[in-house]
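# A closer look at the structure
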Amino acid sequence: NHYDRPNIVFAFSSGEPASPDTTCVLTLPMIETFESYPGDFSSIPTCWTKISQEYNQAYGSYYPVINGGSASDPNQSVMFMLMDSYSSYLVMPALDSNLTMQDVSMSFNFKSSQQNITHLVVGVMSDPTDTLTFVPVESVCREGSASSWESKEINFATYTGTGRYITFWFSKANS
C-alpha cells in the first residue's frame, strides 16, 4: 500500500463542568460522530481548521476529509491520506477558557492500514493557523487488526502550554 489512511472518531470529557455553548468554542462533554455530514467525502465540521498540502483530484478536496464509510463499515469518520511527503493538521475549535487543559481527556476510535508504523500525533496549538505553535502530547498507532477500530485515549495532564486548540497531525515522516 503506497499511502496511509488513519481514521478517527472522537469523544471528550473533563473533570470540570461545561460552560454555555458559544460559537466556535468547544464545550465539554462533547461527542462528534460525523454522521450528519453529507456525501461520501465532504469537508470538515464548521469551526474546525485544516492545514494541508495533500490534494485529491478525484474528490476535489485537501485531506483530511469526512469519509462516508462503506458497506462493510458504514460509520463516517475523518480520513487522513498522504501519498507524498506532506503533513496534514486537523485543528478543533478552541477549548472553552473556563476549562483547564490539564483536566481534559479525549477518547477516540482509530484505524489504519499500517500496524505499529503509521503514527497520528495528538497535540495542542495556540494558533490554529500556525503549525509552529503545535506541541505534541501523545502519538498513537494501530496495534491490532487492520479491519478493527481501536479505542485510544489521550490525557492532556502533561501539557504545560497555553494553547486551547486540540490538534491531530499526520505526517508522511510519521509512517
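Since the structure is predicted, the reported quantities are computational estimates derived from the model, not experimental observations. (Residues numbered from 1 in each chain as written. Predicted model: local features only at pLDDT ≥ 70, side-chain atom pairs only at ≥ 80, totals over all residues. Heavy atoms only, no water.)

Read from one edge to the other, the open sheet built from five strands follows the order 5-10-16-13-14, with strand pairing classed as antiparallel. The open sheet has two edge strands with one neighbour each: strand 5 (49-52) and strand 14 (135-141). Between one strand axis and the next, the sheet turns through 20° on average, direction left out of account. Of the strand pairs in this sheet, strand 5 and strand 10 (residues 87-91) are connected by four bridges, and their pairing is antiparallel. Among the inter-strand pairings, Ile51 is bridged to a residue of strand 10, identified as Tyr89. (Pairing = 2+ DSSP bridges. Helix = DSSP H or I, 4+ residues; strand = E, 2+ residues; numbered from the N terminus. Axes fitted to C-alpha atoms, helices over the stretch in contact; angles between N-to-C directions.)

Let us look at the side chain of Lys152. By the secondary structure assignment, Lys152 is in strand 15 (residues 150-155). At a separation of 2.8 Å, a polar atom in the side chain of Lys152 contacts the main-chain carbonyl oxygen of Cys141. In contact with Lys152, other than residues within four places in its own chain, are Met106, Ser107, Phe108, Phe110, Val140, Cys141 and Glu143. (Polar contact = N/O pair within 3.5 Å; in protein donor to acceptor, adjacent residues only side chain to side chain. Contact = heavy atoms within 4.5 Å.)

With that settled, consider the confidence of the model for the protein. Averaged over the protein, the pLDDT score is 78; the fraction of residues at 70 or greater is 76%. Contacts for the low-pLDDT stretch residues 1-9, under 50 throughout, to residues beyond four places or in other chains number 60 contacts. (pLDDT = per-residue confidence, 0-100.)

What follows deals with the environment of Ser112. Tracing the backbone shows Ser112 in the loop between strand 12 (104-111) and strand 13 (119-125). You can call Ser112 buried: its relative accessible area is 2%. Measuring from C-alpha to C-alpha, the distance between Ser112 and Ser145 comes to 8.9 Å, with 33 residues separating the pair along the chain. (Buried < 20%, exposed > 50% of the residue type's maximum accessible area, 1.4 Å probe, protein only.)

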